[in-house]
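A look at the structure
Listed below are the residues making up each chain.
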Amino acid sequence: VAALKAKWKTMPKAEKARLVKEDKTARAASKKARVVKGEGAAAALPKYPFQPNPDDHCETSPAAYRDIAPLLELVAKRLGKAAEALEIYDPYFCSGAVKRHLAALGFPRVYNECEDFYARLAAGETPEHDVIVSNPPYSEDAEGGENHIARLLRFCVKGGKPFILNMPEYVASAA
């Protein structure tokens, strides 16, 4: 948090305006994509290589990333890396704002692409990473299978690497 505050104080107005504009544009595109075409119809979303649930597509706020920046700095330090070299993986793509938000905090190496995480996982092709940072979808599997949170937690634990997951309180109280 301190790093971002320090950078923000000295950041040129044009750079601040650019970051704010990018966030507003991403939020507007995400909001526009959630327009429902009729009662009971699926919401119109951008082209994804998976079937998204419109309720799952909400970007994490920059403030949430500022809150975890000290934890990421600690992970980097424990791995003997500079923050700039820390490889972060967010397997759930929304509109890509995670890359901008973490880069603004000094973590430019973020892998978050518009691809099917579960297909990559099944193929054994997840990207190399030092830490997972994600705000996973909260929806339930339409066919009664494991929800996204359970599947992600299984991946995180099996991988044995640090992970930081942004989830609402009800998830912890339901465990």
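What counts as what
- Residues numbered from 1 in each chain as written.
- Predicted model: local features only at pLDDT ≥ 70, side-chain atom pairs only at ≥ 80, totals over all residues.
- Heavy atoms only, no water.
- Core = buried A, V, L, I, M, F, W, Y, C linked by side-chain atoms within 4.5 Å.
- Buried < 20%, exposed > 50% of the residue type's maximum accessible area, 1.4 Å probe, protein only.
- Helix = DSSP H or I, 4+ residues; strand = E, 2+ residues; numbered from the N terminus.
- Contact = heavy atoms within 4.5 Å.
- pLDDT = per-residue confidence, 0-100.
- Axes fitted to C-alpha atoms, helices over the stretch in contact; angles between N-to-C directions.
- Parallel < 35°, antiparallel > 145°, perpendicular 65-115°, else oblique.
- Left-handed = near helix turned anticlockwise from the far one by under 90°.
- Nonpolar A, V, L, I, M, F, W, Y, C, P; charged D, E, K, R; others polar.
- Polar contact = N/O pair within 3.5 Å; in protein donor to acceptor, adjacent residues only side chain to side chain.

**Examining the nonpolar core**
With 17 residues, the main nonpolar core has L72, L86, I88, L102, F107 and V133 as its most contacted residues. Mapped by element, the contributors of at least two residues to this core are α3 (62-78), α4 (97-104) and β3 (131-134). Of all the elements, α3 adds the most residues to this core, at 6 residues. Discounting residues that sit within four places of it in the chain, L102 has contacts with Y65, L72, I88, F107 and V110. Counting 9 residues, the second largest nonpolar core, distinct from the first, contains Y92, L152, C156 and L165.

**Some details on the confidence of the model for the protein**
Confidence in the prediction of the protein, expressed as mean pLDDT, is 79, and 70% of residues score 70 or more. Confidence over residues 32-45 falls short of pLDDT 50; this stretch has 18 contacts with residues more than four positions distant or in other chains.

**Brief notes about the packing of α3 against α4**
Where α3 contacts α4, the two axes come as close as 10 Å, and the packing angle between them is 55°. As far as their axial angle goes, α4 and α3 are oblique. Read as a crossing pair, α3 and α4 show a hand that is right-handed. Residues P62, Y65 and L72 of α3 form the contact with α4, whose participating residues are V98, H101 and L102. Grouping the constituent residues of the contact of α3 with α4 by class yields 5 nonpolar, 1 polar and no charged.

**Observations regarding the side chain of H129**
Looking at where H129 falls in the secondary structure, it is placed in the loop between α5 (117-122) and β3. Given the relative accessible area of 9%, H129 is considered buried. Of the polar contacts made by the side chain of H129, one reaches the backbone oxygen of P127; its length is 2.8 Å. Setting aside chain neighbours within four positions, we find H129 in contact with E87, Y89, F155 and K161.

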